[in-house]
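# Summary of the model geometry
One letter stands for each residue in the lines below.
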Amino acid sequence: MRYDDLWIKSTGSYLGELRPVAPDIAAGRYAEKDAREAGTVSVSVADLAPPEMAVRAGRAALEGAGGVDRSSVLHLHGSTYFQGLDMWPASCWIAGQLLGETLDGLSLQASALSNSSLACLEIAGSMLAGRPDLSGALLTCADRFVPPGIDRWNIDSGMAFGDGAAAALLGRGGGALRVLSVSSYTDTTLEGLQRGNEAFHPVSPTALETLPMRRRAREFFAQGGMAPKEARQRSVDAVQRVVKTALDEAGCSIGDARWVVPPFVGRRLFQSGFVEPLGLDPDRTLFPLGLTTGHLGSVDQLLSLDHLIRGDRLNPGDRIVLIGTGMGFTFTCAVLTA
């Protein structure tokens, strides 16, 4: 979808301590082979719960925007993993801390797992296009990956996971970045990569055991319905599809982009999943940043925007292409201009 008057007015982010991976490799928690394949040098490790991190990032975004009617702001909160309490509306607590006691609209958790920030961007943009009564939309996203439910080194192959949060305030009439277009696509045949042969549980068992993501992927492929090569190709095809659609709607090409921001995955996945199929120039990506933070779940894309804005890395007219993928699998591309 092409947007005629959708702007990111301001952004904010929060990271924990950037801890080197070497001690965890030496202790046997992070396999040296995996570390070498990913190229990760450190990961963000936070002590705050995800909603607390989201409040810090959201506060920075609101402060950067100046005056905004907070009572009529749509609030969407994205995440990949546990937000601190079961059956608890984390989004409403975050909204209460940032926007006030009452809102003339929704505060909602909207999870597309690691694609959550861009999924929320598309939903918010569509809402603002059809709801003139909304003064804006606040997007927050936050994730923290800690044991016993998560082993940040071994959740998935090819990357290590870090903790963090990011936020963006959307509105009309101008801002730091104009959103030109957003395109999404879903390939449900890849859902089984995260399910394997596992039966449904009556309650979540993850408080007692570590999520067995790699085992589930092996079980999925052992069923014989899809080979790893086909799964990788379907993912590549979907990325190419949403990128082409968003770029066509924005009236530009990948070569016009000053920055292209895929998820913060490891070196091998970055190369095979994004650089090669899209013809990316790695120097026009934030790949080195991702090697210092780890994959931040739902947070990568909005944190990247905040990094570009606050690091004074944008010039007027620069095009930015954001790419998101989330387990399931959903794929989203957004094209923006400074």
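For the structure, check the block above.
Now for a description of the structure that goes with this document. Note that the structure is predicted; figures quoted are calculated from it, not measured.

### What to know about the layout of surface pockets
- Roughly 230 Å³ of internal volume is contained in the second largest pocket.
- Around the second largest pocket, the lining is made up of 17 residues, and of these Asp 24, Val 45, Pro 147, Arg 152 and Trp 153 lie nearest the centre.
- Among the elements of the structure, β2 (17-20) and β3 (42-45) are those that each provide at least two residues to the lining of the second largest pocket.
- For the lining of the second largest pocket, the per-class residue count stands at ten nonpolar, one polar and six charged.

### Notes on the nonpolar core
- Judged by nonpolar contacts, the single largest core of 39 residues is most densely connected at Val 243, Val 321, Ile 323, Cys 333 and Val 335.
- Of all the elements in the fold, those that place two or more residues in this core are α6 (213-222), α7 (228-250), β9 (257-261), α8 (267-278), α9 (287-293), β10 (319-326) and β11 (330-337).
- The dominant element in this core, judged by the number of residues it contributes, is α7, at eight residues.
- Dropping the residues within four chain positions of it, Val 335 is found in contact with Arg 178, Val 179, Leu 180, Ser 181, Ala 246, Leu 247, Ala 250, Cys 252, Ile 320 and Val 321.
- Of all hydrophobic cores here, the second largest spans 37 residues; its members include Leu 74, Ala 137, Leu 308 and Leu 336.

### Re α8
- Compared with an ideal rise of 1.5 Å per residue, which puts twelve residues at 16 Å, α8 spans 15 Å between its outermost C-alpha atoms and is within 8% of the ideal.
- Tucked inside the fold, the buried residues of α8 contact α7, α9 and β10.
- Looking at the residues trailing α8, positive phi occurs at Gly 279, about 65°.

### Comments concerning the packing of aromatic side chains
- The final tally for this structure, using the stated rule, is seven aromatic pairs.
- For the pair Tyr 30 and Trp 153, a centre-to-centre distance of 4.7 Å together with 25° between the ring planes defines the contact as stacked. You can see Tyr 30 sitting in the loop between α1 (22-26) and α2 (32-38) and its partner Trp 153 sitting in the loop between β6 (136-143) and β7 (164-171), a full 123 residues away along the chain.
- Taking the relative accessible area as the measure of exposure, Tyr 30 reaches 1% and is therefore buried.

Thresholds, definitions, all that
The residue numbering used here restarts from 1 in each chain and proceeds along that chain's sequence as written. The model is predicted, so local features are restricted to residues of pLDDT at least 70 and side-chain atom pairs to those at 80 or more, both for listing and for counting; the totals for chains, interfaces and linings are taken over all residues. With hydrogens and water excluded, all non-hydrogen atoms of the structure serve as input to the side-chain values. Think of a 1 Å grid over the protein atoms and nothing else: a 1.4 Å probe that fits but is trapped marks a cavity, an open set flanked by protein within 12 Å on at least five of seven lines marks a pocket, and residues with an atom within 4 Å of a point count as lining. Grid points are joined across faces, edges and corners, and a volume is the space filled by probe spheres set on the points. The helix and strand labels rest on DSSP assignments: H or I over at least four residues marks a helix, E over at least two residues marks a strand, and numbering proceeds from the N terminus. Gly is placed with the polar residues, together with every amino acid not listed as nonpolar (Ala, Val, Leu, Ile, Met, Phe, Trp, Tyr, Cys and Pro) or charged (Asp, Glu, Lys and Arg). To define a nonpolar core, start from buried Ala, Val, Leu, Ile, Met, Phe, Trp, Tyr and Cys residues and group those joined through side-chain atoms within 4.5 Å. Throughout, exposure labels follow a simple rule: accessible area from a 1.4 Å probe, protein chains only, divided by the maximum for the residue type, with under 20% read as buried, over 50% as exposed, and the rest as partly exposed. Residue contacts are counted whenever heavy atoms from the two residues lie within 4.5 Å of one another. Here, expected helix span is obtained from the residue count minus one, scaled by 1.5 Å. Between the rings of Phe, Tyr and Trp (Trp by its six-membered ring), a pair exists once the centres lie within 6.5 Å; its type follows the angle of the planes, with under 30 degrees stacked, over 60 edge-to-face, and the other angles tilted.

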